[in-house]
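The residues making up each chain are set out below.
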Amino acid sequence: MKKLLIVIVIAIAIAAGIYFFKGGKVGGLSLSGGSLPSENAVLEYVPADTVFFAGSVEPLDFAKTLEMSSKMGFDYSAMMGAGFDDLKSELGNAPDAAKVLVSIYGDYLKAVKNKSVKELGLRSELNMAVYTVGVLPVIRLELDGTDAFSKAIAKIEADQGVTATVNTVNGVEYREYSLDDGTEEVPMSLVIATHDNQAIVTVNTELDDAKDLQRTLSEKPTTNILDGGVLNELASDNGYLGYSIFLLDNLAIVDGITKPSANAFGKSLQEVLDAYGAGNDMKDIQTPACNTELTGLTQNWPMLSAGYTEFDDSNASYKMVLKGNNADLLETLGKLRGHISDNVSNDDFAMSFGIGLDMDQMVPVITTVWESLTKEDFSCPPLAEMQAGLRQSNPMMLGMMSGMVAGIKGVGFSVVDVNEDALSNVERNPMAFMQDGQFMVTVTAEKPQNLLQSLGMYAPELAQMKLEDGGEPQVLPAGVGAETKIALRGHDLVLMMGQTDELIGKVESNGSLEKNGLMTFSMDFKKYMGLLEKMMDSAAENARGSEKEMLEEQKEVFSELKKADGIVKGKFDITDEGIVTSSSYQAK
């Protein structure tokens, strides 16, 4: 099983590596989603009803895309190559499929380093897709019209001592590689083929070839994913660029699992289960009641999608959306959104993390959701079991524990700055790390003075403190090995540790409680990776053997990563679109 996992991980790594390089178009870059091209050679093979897709509609120039990434400071050849030698060393008794995929990954790393996919026989304007035909996984890439890909595979087989089983289906020759490692039999195999100037990677199952390989290697669907319109809809609704789009059709998956006849995914899944003697394994949820109830719940969150919304040589923005179809549910969950103070995040800080949560809404929201899930009886066994468990609890009990956090709207932790010299000696003098650094904890509340009084029940010295809004910070009686002060700035209680005199000038009064999100993250990438490099260096000094080797490898990774000089930001929120996660990188 370990060897099979290696195969799966490498296949994902290859696909993900190619997918995430497809960030934006160089020259004539469009910075907003909209209408996509109506033709793409690779997407002609992707069915409109696929439940999973990751790929591009508009092919990109591989070298220029890497060049843009390089301008932002990222050396992907070094980053992706970290640990590759260790991976190769695991291949001694690995199945042939793992050896082939690891070698392809190695060739791909060389392509990244050389900024050319010519040796792999791939088109320079990289055009690829990862998708499913029914339940069957497929990776498809457009070739450059030469036989370079076939030669690359032949060389890998010779170098690794691998002998492929060569067969033909529907006029397409394919090469088959075993997933068996000699200790356990894996009843499927890896398949690599070329057809219609495209390379295809998929699996051969116990199904008849007409039901798996013929479908995945050579058959074009009646309606492909471009004709079906889902990609255009996602780009239009979410502002995705056409260069990298991801989708997972949650509703189709649940519908197909609970009712195999409902769609192509369900039929294919049932065929595969039957072929492996597991046709009855899901009968307990393949009932009309389960289909109705589970799809009813899934309709609230029918699809997960993601894509770049911006990409050029100084900026990259990526967005993921779990689509919400239930306006009432979104409105209810949206009440949890709190306020994350501007004091939490600043582009000059090394790192910050904020949570916006309206604690006064916690119990009402949980109660509303609890009532919706317990009001009417479920008939589907797994849902009925879940419902019985919910009915044994009462969210109103949470109200007894929420008194001390009443009025809180958000909290944040900020690493403003760290003395690198102190960090390099953290193993020998951990207190110097705190004393010479600058750290902040920010609590935003409707009435922060009341919060201080509540905390005074557990620490009486806090109740005796008289903070003035905008006044001088006061020293806390009990520190944490470093000077600790607390200040009141509007709705913010700010706890400062370390070099507090330098910190106070960076804190402003917060007069707002406007709901602005659930979670935020910000990082000065170069600065923070440099700090991690120092930490690994310090830890490695006192380590021995394999632990020391691992720490030194991690140090090298962070050393490469810190070459990227920019600000990374992330946000998690609930909007009228659904649950939205966004991230961005802006080069300095």
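Residues numbered from 1 in each chain as written. Predicted model: local features only at pLDDT ≥ 70, side-chain atom pairs only at ≥ 80, totals over all residues. Heavy atoms only, no water.

The topology assignment puts Pro288 in helix H12 (residues 288–298). The exposed category is assigned to Pro288, whose relative accessible area is 66%. As a C-alpha pair, Pro288 and Lys259 span 29 residues in sequence and 7.7 Å in three-dimensional space. (Helix = DSSP H or I, 4+ residues; strand = E, 2+ residues; numbered from the N terminus. Buried < 20%, exposed > 50% of the residue type's maximum accessible area, 1.4 Å probe, protein only.)

A separate point is the pairing of strand E12 (residues 315–323). As defined by bridge partners, strand E11 (residues 303–311) adjoins E12 across seven bridges and the pair is classed as antiparallel. Residue pairing in the sheet places Tyr308 in a bridge with Tyr318 of E12. The turn joining E11 and E12, which pair antiparallel and follow one another in sequence, is formed by three residues. Direction of pairing for E12 relative to strand E21 (residues 578–587): antiparallel, over a ladder of nine bridges. Each residue of the ladder has a partner; that of Lys319, found in E21, is Ser582. (Pairing = 2+ DSSP bridges.)

Throughout the structure, instances matching the rule amount to 20 salt bridges. A salt bridge links Glu125 to Arg123; the nearest nitrogen and oxygen atoms lie 2.8 Å apart. The exposure class assigned to Arg123 is partly exposed, which follows from its relative accessible area of 24%. Here Arg337 ties to Asp573 by a salt bridge, and the two come within 2.7 Å at their closest N and O atoms. Linking Arg337 in the loop between helix H13 (327–334) and strand E13 (351–356) with Asp573 in strand E20 (residues 566–574), this pair joins segments that are 236 residues apart in sequence. With a relative accessible area of 6%, Asp573 lands in the buried category. Each of Asp358, Asp360, Lys409 and Lys515 takes part in one network of salt bridges that share partners. (Salt bridge = Lys/Arg side-chain N within 4 Å of Asp/Glu carboxyl O.)

Before going further, it helps to examine the state of the cysteines. As used in these notes, a disulfide is a covalent bond between sulfur atoms, one from each of two cysteines. Overall, the coordinates contain one disulfide when judged by the stated rule. Note that Cys290 is cross-linked by a disulfide to Cys380, the S-S spacing being 2.0 Å. As the torsion about the S-S bond is roughly 95 degrees, the Cys290-Cys380 disulfide counts as right-handed. Of the two residues, Cys290 sits in helix H12 while Cys380 sits in the loop between helix H14 (359–374) and helix H15 (381–391), which places them 90 residues apart along the sequence. Here Cys290 matches Cys380 in class, with each residue buried. (Disulfide = S-S within 2.5 Å.)

What follows is about the packing of aromatic side chains. The full count for this structure, using the stated rule, is five aromatic pairs. Measuring from centroid to centroid gives 5.0 Å for Tyr308 and Tyr318, while their planes differ by 75 degrees, and the two rings are edge-to-face. Remark: Tyr318 occurs in strand E12 and Tyr308 occurs in strand E11; sequence separation between them is 10 residues. The two residues Tyr308 and Tyr318 agree in class, both being buried. Through a chain of ring-to-ring contacts, three or more aromatic side chains come together here, namely Tyr308, Phe311 and Tyr318. (Phe/Tyr/Trp six-rings, centres within 6.5 Å; stacked < 30°, edge-to-face > 60°.)

The element strand E4 (residues 128–133) is extensively covered by neighbouring structure, given that six of its six residues are classed as buried. Of the two faces of E4, the one lined by Met128, Val130 and Thr132 and the one lined by Ala129, Tyr131 and Val133 are each fully buried. Note: strand E1 (residues 52–55) against E4, three bridges, orientation antiparallel. Looking across to E4, one finds that Gly55 is bridged to Ala129. Here E4 pairs with strand E5 (residues 136–142) via six bridges, running antiparallel. Paired with Tyr131 across the strands is Val138, a residue of E5. In this antiparallel pair of consecutive strands, E4 and E5, the connection spans two residues, and Gly134 shows a positive phi of 65 degrees.

A pair of packed helices is characterised by two quantities: the angle between their axes and the separation of those axes. H14 packs onto H13 with a crossing angle of 150 degrees between their chain directions and a minimal axis gap of 9 Å. By the criterion of interaxial angle, the relationship of H13 to H14 is roughly antiparallel. When H13 is examined against H14, the residues Leu329, Thr332 and Leu333 are found in contact with a partner set consisting of Val365, Thr368 and Val369. In terms of residue class, the contact of H13 with H14 is made up of four nonpolar, two polar and no charged. (Axes fitted to C-alpha atoms, helices over the stretch in contact; angles between N-to-C directions. Parallel < 35°, antiparallel > 145°, perpendicular 65-115°, else oblique. Contact = heavy atoms within 4.5 Å. Nonpolar A, V, L, I, M, F, W, Y, C, P; charged D, E, K, R; others polar.)

What follows deals with the nonpolar core. One recurring pattern in soluble globular proteins is that nonpolar side chains are buried together. Membership of the largest hydrophobic core comes to 41 residues, with the highest contact counts inside it found for Phe62, Val100, Ile104, Leu122, Tyr177, Leu190 and Ile192. The dominant element in this core, judged by the number of residues it contributes, is helix H5 (residues 96–114), at seven residues. Setting aside residues no more than four positions away along its own chain, Val100 makes contact with Ile156, Val162, Tyr177 and Ile192. Judged by nonpolar contacts, the second largest core, of 31 residues, contains Val138, Leu217, Met303 and Val580. (Core = buried A, V, L, I, M, F, W, Y, C linked by side-chain atoms within 4.5 Å.)

Along H12, the positions that sit buried rather than exposed are Cys290, Asn291, Glu293, Leu294, Thr295 and Thr298. The inward-facing, buried residues of H12 abut helix H10 (250–258) and H15.

Of all residues in the protein, 87% have pLDDT values of 70 or greater, and the mean over the chain is 86. Counted against residues more than four places away or in other chains, residues 1–33, with its pLDDT under 50, gives 95 contacts. (pLDDT = per-residue confidence, 0-100.)

As a further point, take the side chain of Gln387. If you trace the backbone, Gln387 turns up in helix H15. When sequence neighbours within four positions are dropped, the list of residues in contact with Gln387 reads Leu373, Thr374, Glu376, Asp377 and Phe378.

The phi torsion of most residues other than glycine is negative, and most of the peptide bonds are trans. The phi angle at Asp196 is positive, at roughly 55 degrees, despite the residue not being glycine. Structurally, Asp196 can be placed in the loop between strand E8 (189–195) and strand E9 (198–204). With a phi close to 60 degrees, Asn197 is a non-glycine residue in the positive phi region. Tracing the backbone through its elements, the reader meets Asn197 in the loop between E8 and E9. On the basis of relative accessible area, Asn197 is assigned to the partly exposed category, the value being 36%.

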